[in-house]
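Single-letter residue listing:
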Amino acid sequence: DQQVKQNSPSLSVQEGRISILNCDYTNSMFDYFLWYKKYPAEGPTFLISISSIKDKNEDGRFTVFLNKSAKHLSLHIVPSQPGDSAVYFCAAMDAGGTSYGKLTFGQGTILTVHP
Amino acid sequence: KAGVTQTPRYLIKTRGQQVTLSCSPISGHRSVSWYQQTPGQGLQFLFEYFSETQRNKGNFPGRFSGRQFSNSRSEMNVSTLELGDSALYLCASSQTGTGDSGANVLTFGAGSRLTVL
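All of these numbers come straight from a predicted model, not from anything done at the bench. Every chain is numbered independently, its residues counted from 1 as its sequence is written. Ligands are numbered from 1 and chains lettered from A, in the order in which they are written. Local features in this predicted model are restricted to residues whose pLDDT is 70 or higher, and side-chain atom pairs enter the listing and the counts only when it is 80 or higher, whereas totals over whole chains, interfaces and linings include all residues. Side-chain numbers here rest on the full set of heavy atoms in the structure, without hydrogens or water.

**As for the overall build of chain B**
Reasoning step 1: To qualify as a helix, a DSSP run of H or I must reach at least 4 residues; to qualify as a strand, a run of E must reach at least 2; elements of each kind are numbered from the N terminus. The secondary structure content of chain B amounts to zero helices and 11 strands.
Reasoning step 2: Going residue by residue from the N terminus, the α and β elements of chain B occur as β-β-β-β-β-β-β-β-β-β-β.
Reasoning step 3: The C-alpha atoms of chain B give 13 Å as radius of gyration, which agrees with the globular expectation for 117 residues (13 Å, within 12%).
Reasoning step 4: On the principal axes, the C-alpha backbone points of chain B span a range of 40 × 25 × 25 Å.
Reasoning step 5: Buried, partly exposed and exposed residues are distinguished by accessible area as a fraction of the type maximum, computed with a 1.4 Å probe on protein chains only: under 20%, between the cut-offs, and over 50%, respectively. Counting across all 117 residues of chain B, residues that qualify as buried make up 51%.
Reasoning step 6: Throughout, a contact is declared for two residues whenever any of their heavy atoms are within 4.5 Å. For chain B, contacts bridging at least 24 residues in sequence account for 55% of all contacts bridging at least 6.
Reasoning step 7: By the counting rule applied here, Lys and Arg register as positive and Asp and Glu as negative, while His and the ends of each chain are not counted. Every charge is mapped to an atom, namely NZ of Lys, CZ of Arg, CG of Asp or CD of Glu. The centroid of the 11 positive side-chain charges in chain B is displaced by 5 Å from the centroid of its 6 negative side-chain charges. Here the radius of gyration uses the C-alpha set of atoms, whereas the globule reference equals 2.2 Å times the residue count to the power 0.38.

**Here we look at the interface of chain A and chain B**
Reasoning step 1: Between chain A and chain B, the contact holds 20 residues from the first and 26 residues from the second.
Reasoning step 2: When two parts are brought into contact, each loses some accessible area as probed by a 1.4 Å sphere; the total of that loss over both is the buried area. Buried surface at the junction of chain A and chain B, summed over both partners, amounts to about 1800 Å²; 60% is from carbon and sulfur atoms.
Reasoning step 3: For this analysis, a salt bridge means a side-chain nitrogen from Lys or Arg found within 4 Å of a carboxyl oxygen belonging to Asp or Glu. Put simply, chain A and chain B have zero salt bridges between them.
Reasoning step 4: Take the side of chain A that touches chain B: its biggest share by element is four residues, from strand 4 (residues 32–38) of chain A.
Reasoning step 5: Amino acids outside the nonpolar list (Ala, Val, Leu, Ile, Met, Phe, Trp, Tyr, Cys, Pro) and the charged list (Asp, Glu, Lys, Arg) are all regarded as polar, and Gly is one of them. By residue class, the composition of the side of chain A that touches chain B is 12 nonpolar, five polar and three charged.

**Some thoughts on the pairing of strand 8 (residues 72–77) of chain A**
Residue and element names in this part refer to chain A.
Reasoning step 1: Within strand 8, five of the six residues are buried, leaving the element largely enclosed by the surrounding structure.
Reasoning step 2: Both strand 3 (residues 19–25) and strand 8 contribute to a ladder of six bridges, which runs antiparallel. In the sheet register, D24 faces strand 8, and the bridge partner there is H72.
Reasoning step 3: Two strands make a pair as long as DSSP finds a minimum of two bridges between them. With six bridges connecting them, strand 7 (residues 62–67) and strand 8 associate as antiparallel partners. For F65, the partnering residue across the bridge sits in strand 8 and is S74.

**So, a nonpolar patch on the surface**
Residue and element names in this part refer to chain A.
Reasoning step 1: A grouping of I18, I20 and V78 is seen on the molecular surface, where their side chains present a nonpolar patch of about 230 Å² in accessible area.
Reasoning step 2: Here I20 shows up in strand 3.
Reasoning step 3: Since its relative accessible area comes to 37%, I20 is described here as partly exposed. The residues that make up patches have over 30% relative accessible area and no salt bridge, and they are joined within 9 Å when like-charged or within 5 Å when they are Val, Leu, Ile, Met, Phe, Trp or Tyr. In these tables, accessible area is a Shrake-Rupley quantity obtained with a 1.4 Å probe, and a residue counts as shielded only by the protein chains included in the view.

**Points about the state of the cysteines**
Reasoning step 1: Cysteine sulfur pairs qualify as disulfides if the two atoms are within 2.5 Å. Throughout the structure, instances matching the rule amount to two disulfides over all chains.
Reasoning step 2: Between the sulfur atoms of A:C23 and its disulfide partner A:C90 the distance amounts to 2.0 Å. Handedness here is read from the sign of the S-S torsion; for A:C23 and A:C90, about -70 degrees, the answer is left-handed. One end of the pair, A:C23, is in strand 3; the other, A:C90, is in strand 9 (residues 86–93), with 67 residues separating them in the sequence.
Reasoning step 3: Exposure remark for A:C23: the relative accessible area of 0% places this residue in the buried category.
Reasoning step 4: Residue pairing for B:C23: its cysteine sulfur links by disulfide to B:C91, the two sulfurs lying 1.7 Å apart. With the S-S bond torsion at -55 degrees, the cross-link from B:C23 to B:C91 turns out left-handed. Pair noted here: B:C23 is in strand 3 (residues 19–24) and B:C91 is in strand 9 (residues 87–94), with a separation of 68 residues, a long-range link. We note that B:C23, like B:C91, is buried.

Dropping the structure here:
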């Protein structure tokens, strides 16, 4: 039972263009959502997050959008850079409950940004 | 500010052996969580400790255990290793483990790569 799904295993984008990574969730108890980036042989690095009380959060080139009714969130990277090439994980948390330390992750999307 | 430190980075064990992995959290962080990453199952939550107490546990067999010390450092142990235990084991720390704000976001270490032969 995958509660967080990233349906695109990979995405290829040209440098300077927009990268859009998508994520769907099924558990309505999730109220906090995060995106992490992971390079080989390293741990996931936090990128950006959004609370369920918001529908958009921006941080520099990164914007996360949340559509609660559709149980869908997306990460926009503009402009995309070759250094953004990595695996991107969507994660969700029931922050208001007792799910201490527990993030539920999607399977990841491999982003490749071509120069 | 030092990040989350995990040791050892790589290790090889044989079936039936046991292994202990160590995690030093970011200074001031009292919550430590452990995750297992495999190609088939992705990133899965093992357990979380706060002030030396296990507060949350994932769906793993009892062969997987952990503990936390008074300085917030944590160890996890896997006994009677199986081939399927081969994975990257990740430790993450945060101030409270609630992960509901920027101050409480989980910060991950580089992981310990375990290979079971």
